[in-house]
Protein chains: 2
Amino acid sequence: MKISIIGVGLIGGSMALKLRDKNIADFIYGIDNDKKHITEALDLKIIDAEADLENGIKNSDLVILAIPVDAARKLLPNVLDLISDQQTVMDAGSTKAGIVNAVRNHPRRSRFVAFHPMWGTENSGPKSAIAESFSGKAGVICNKEESADDALQTVESIVEALDMHMIYMNAEDHDIHTAYISHISHITSYALANTVLEKEREEETIFQLASSGFSSTVRLAKSHPEMWVPIFKQNKENVLDVLNEHITQLRKFKSALEKENYEYLEELISNANRIRGILR
Amino acid sequence: MKISIIGVGLIGGSMALKLRDKNIADFIYGIDNDKKHITEALDLKIIDAEADLENGIKNSDLVILAIPVDAARKLLPNVLDLISDQQTVMDAGSTKAGIVNAVRNHPRRSRFVAFHPMWGTENSGPKSAIAESFSGKAGVICNKEESADDALQTVESIVEALDMHMIYMNAEDHDIHTAYISHISHITSYALANTVLEKEREEETIFQLASSGFSSTVRLAKSHPEMWVPIFKQNKENVLDVLNEHITQLRKFKSALEKENYEYLEELISNANRIRGILR
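Remember, predicted model here, so these are calculated numbers, not experimental data.

**Quick notes on the sheet that holds strand 7 (residues 138-142) of chain A**
Residue and element names in this part refer to chain A.
Here's step 1: With mixed pairing, eight strands are arranged side by side in an open sheet as 3-2-1-4-5-6-7-8. Taken across any chain shown, the strands that pair with only one partner, and hence form the sheet edges, are strand 3 (49-50) and strand 8 (165-169).
Here's step 2: Of the pairings in the sheet, the one linking strand 6 (residues 112-117) to strand 7 comprises four bridges and is antiparallel in character. Its bridge partner lying in strand 7, H116 is registered against V140.
Here's step 3: On the sheet, helix 4 (residues 69-82) packs against strand 1 (2-6), strand 4 (62-65), strand 5 (88-91) and strand 6 and is oriented at approximately 165° with respect to strand 4.

The following block contains the structure:
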């Protein structure tokens, strides 16, 4: 299979590496506005050749969009304009309702499969790509009834090759769940980093004292705004709902401490401990 | 050196394993109200023998308190009552002002060295103990001027044997810094777990979709209330200050989203990204 990857960064690069390892990809075109990404991706043998949008798409069986969600939403109609009924397009974005709505009435809608791999790190660029990233993680396909059977099968075979377990969901539900399971984690992590940076003016102290617990909680705060502002923008309503709930939950801790109600504090912590049974 | 460890859990057990590996400990007595901990610690060769408080202390050069901070604060005066001027006592608690104040006027105060190893996990008990836990982490000694030179030297040799880098600090400063660097991370993590558990009633969805980012942010929410309620209690004022600041920071994200001020959102995220330069 010949594949064009639009955006050879962390996600596009990791998919490329894995699909090549699995002998799914015979030839991979890289399409990226950032020429440094193209050079790095060629050096790392993530892609076989650079292509422009028209040439890459013309010569590919599958086109993968792995760019920020706002850019993907804008570009997808143009990509669909360029493809035939024998080609398939998939994305890898963290929000799904926006992109699905953007092409709802496109004559080639059925060639598109909306996809979200539940994996990412705080790093970006082809140098951060890892072939085994996706193994064992969830691969979510949204609104599958809007895709043609053969396009869906192509993407399902890709998700299997990535060693992900497949989940089907509608785009609206996806965006609600990811607000809870992924997007809010980033906001709390950013806010925590800002809290510490605001007060701990002596950066040396942070550096010297930071424990593994702190590092793991603020790890996501290293994630770049280029990727995350568009996600929050597209999932604004859901993220605000969860953020309000999260502030309410934090207020309960505040109230327990202010009132020195340590039984209530213990109750709040014991409730949180239930996550132990759900997450390994 | 003969050592008594009061509380053979995660921290006490990990210290025992490492000090034995380094040939610092010739014989380790385990003192623990939880008989299951004693049995496990004997099985895992973390301790050589069980002891009661009097016998353990009488036969040891060094006594290590590794129990929850409220229990340590209460027990330390009794331990100091039992020792001679040739013996040393250290603790390993996450808050320091309370314990230091509790023995300020004790006639044997100088035999005590207040210590906090900046390491922990969400797990507990001797089975979770790991010899290499402390390597490369910060070991904080507080109010060293209140300890006798030889007692301080003994504890410094222990901290070196644990392969930690030593930091000296006064107890009040320690409690402010740890509120930022450690305690608040636990509260945000607990609150995040409660947020998700409140809304995601279908636990299956959490389990299926949870990404590595979410797991790393809520990892600390698995930590037990037996350890953490006493920490929050003893460091209440500092934790409340940080919690208020954290809620303020979260509100900035809320406001940026509500007002669709995405430039401000980007600014908030870019500021948080500065943590990248501080934490590896």
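**Focus on the sheet that holds strand 7 (residues 138-142) of chain B**
Residues and elements named next belong to chain B.
Here's step 1: Strand order in the open sheet formed by eight strands is 3-2-1-4-5-6-7-8, with mixed pairing between adjacent strands. Single-partner strands in this sheet number two, and they are strand 3 (49-50) and strand 8 (165-169).
Here's step 2: In this sheet, strand 3 lies alongside strand 2 (residues 27-31) in parallel orientation, the contact comprising two bridges. When the sheet's bridge partners are listed, G30 is paired in strand 3 with E50.
Here's step 3: The sheet contacts of helix 4 (residues 69-82) involve strand 1 (2-6), strand 4 (62-65), strand 5 (88-91) and strand 6 (112-117), and relative to strand 4 the element is tilted by about 165°.

**Here's the deal with unusual backbone geometry**
Trans is the prevailing form of peptide bonds, just as negative phi is the prevailing case for residues other than glycine.
Residues and elements named next belong to chain A.
Here's step 1: Although it is not a glycine, N23 sits at a positive phi angle of roughly 60°.
Here's step 2: Among the structural elements, N23 can be located in the loop between helix 1 (10-21) and strand 2 (27-31).
Here's step 3: Its relative accessible area of 65% is what places N23 among the exposed residues.
Here's step 4: Its identity as a non-glycine residue notwithstanding, N143 has a phi of 50°, on the positive side.

**Focus: the packing of helix 7 (residues 171-199) of chain A against helix 12 (residues 262-273) of chain B**
Here's step 1: It is the contact of helix 7 of chain A with helix 12 of chain B, at a shortest axis distance of 8 Å, that shows an interaxial angle of 65°. The pairing of helix 7 of chain A with helix 12 of chain B is recorded here as roughly perpendicular in orientation. Considering only the axes of helix 7 of chain A and helix 12 of chain B, their crossing is left-handed. Every residue of helix 12 of chain B that contacts helix 7 of chain A at Y190, A193, N194 and L197 of chain A is listed here: L268, I269, N271, A272 and N273 of chain B.
Here's step 2: Looking at the contact of helix 7 of chain A with helix 12 of chain B residue by residue, the classes come out as six nonpolar, three polar and no charged.

**Some words on the environment of N123 of chain B**
Here's step 1: Mapped onto the fold, N123 of chain B is located in the loop between strand 6 and strand 7.
Here's step 2: What makes N123 of chain B partly exposed here is its relative accessible area of 33%.
Here's step 3: Once residues within four sequence positions are removed from consideration, N123 of chain B is found in contact with R276 of chain A together with L10 and S128 of chain B.
Here's step 4: One polar contact links N123 of chain B to R276 of chain A, side chain to side chain, over a distance of 3.5 Å.

**Some details on empty space enclosed by the protein**
Residues and elements named next belong to chain B.
Here's step 1: One pass over the structure, following the stated rule, counts two cavities of 30 Å³ or more.
Here's step 2: By volume, the largest cavity amounts to about 50 Å³.
Here's step 3: Residue lining of the largest cavity: L65, I67, V69, A72, D91, A92, G93, T95, I99 and Q234, and that is the complete set.
Here's step 4: Here the lining of the largest cavity is built from residues that sort into six nonpolar, three polar and one charged.

**Structural notes on the pattern of salt bridges**
All names here are of chain A.
Here's step 1: Applying the stated criterion across every chain yields a total of 32 salt bridges over all chains.
Here's step 2: A salt bridge links E146 to R104; the nearest nitrogen and oxygen atoms lie 3.5 Å apart. You can see E146 sitting in the loop between strand 7 and helix 6 (149-161) and its partner R104 sitting in the loop between helix 5 (97-102) and strand 6, a full 42 residues away along the chain.
Here's step 3: Within this structure, K18, K22, E132 and D163 form a network of salt bridges that share partners.

**Comments concerning the domain arrangement of chain A**
Reports of interface size often rely on the accessible area that becomes lost once the parts have come together.
All names here are of chain A.
Here's step 1: Domain assignment breaks chain A into domain 1 (2-169) and domain 2 (174-278).
Here's step 2: A separation of 30 Å is found between the C-alpha centroids of domain 1 and domain 2.
Here's step 3: Tallying the contact residues gives 18 residues for domain 1 and 16 residues for domain 2.
Here's step 4: Taken over both partners, the interface formed by domain 1 and domain 2 buries close to 1400 Å², and the fraction arising from carbon and sulfur atoms is 61%.

**Here's the deal with the relation of the copies chain A and chain B**
Here's step 1: In the superposition of chain A on chain B (RMSD 0.0 Å, axial shift 0.0 Å), the rotation amounts to 180°. Seen this way, the second copy is the image of the first under a two-fold rotation axis. Looking at the rotation axis and the C-alpha trace of chain A, the residue lying nearest is T217 of chain A, at 2.3 Å.
Here's step 2: Same-surface contact between copies: 100% of interface residues of chain A are shared with the interface of chain B.

Cut-off values and rules
- Residues numbered from 1 in each chain as written.
- Chains lettered and ligands numbered in written order.
- Predicted model: local features only at pLDDT ≥ 70, side-chain atom pairs only at ≥ 80, totals over all residues.
- Heavy atoms only, no water.
- Pairing = 2+ DSSP bridges.
- Helix = DSSP H or I, 4+ residues; strand = E, 2+ residues; numbered from the N terminus.
- Contact = heavy atoms within 4.5 Å.
- Axes fitted to C-alpha atoms, helices over the stretch in contact; angles between N-to-C directions.
- Buried < 20%, exposed > 50% of the residue type's maximum accessible area, 1.4 Å probe, protein only.
- Parallel < 35°, antiparallel > 145°, perpendicular 65-115°, else oblique.
- Left-handed = near helix turned anticlockwise from the far one by under 90°.
- Nonpolar A, V, L, I, M, F, W, Y, C, P; charged D, E, K, R; others polar.
- Polar contact = N/O pair within 3.5 Å; in protein donor to acceptor, adjacent residues only side chain to side chain.
- 1 Å grid on protein atoms, 1.4 Å probe; cavity = no way out; pocket = protein on both sides within 12 Å on 5 of 7 lines; lining within 4 Å.
- Points joined across faces, edges and corners; volume = space filled by probe spheres on them.
- Salt bridge = Lys/Arg side-chain N within 4 Å of Asp/Glu carboxyl O.
- Domains from an automatic or database assignment.
- Buried area = accessible area lost by both parts, 1.4 Å probe.
- Least-squares fit on C-alpha atoms with pLDDT ≥ 70 in both.

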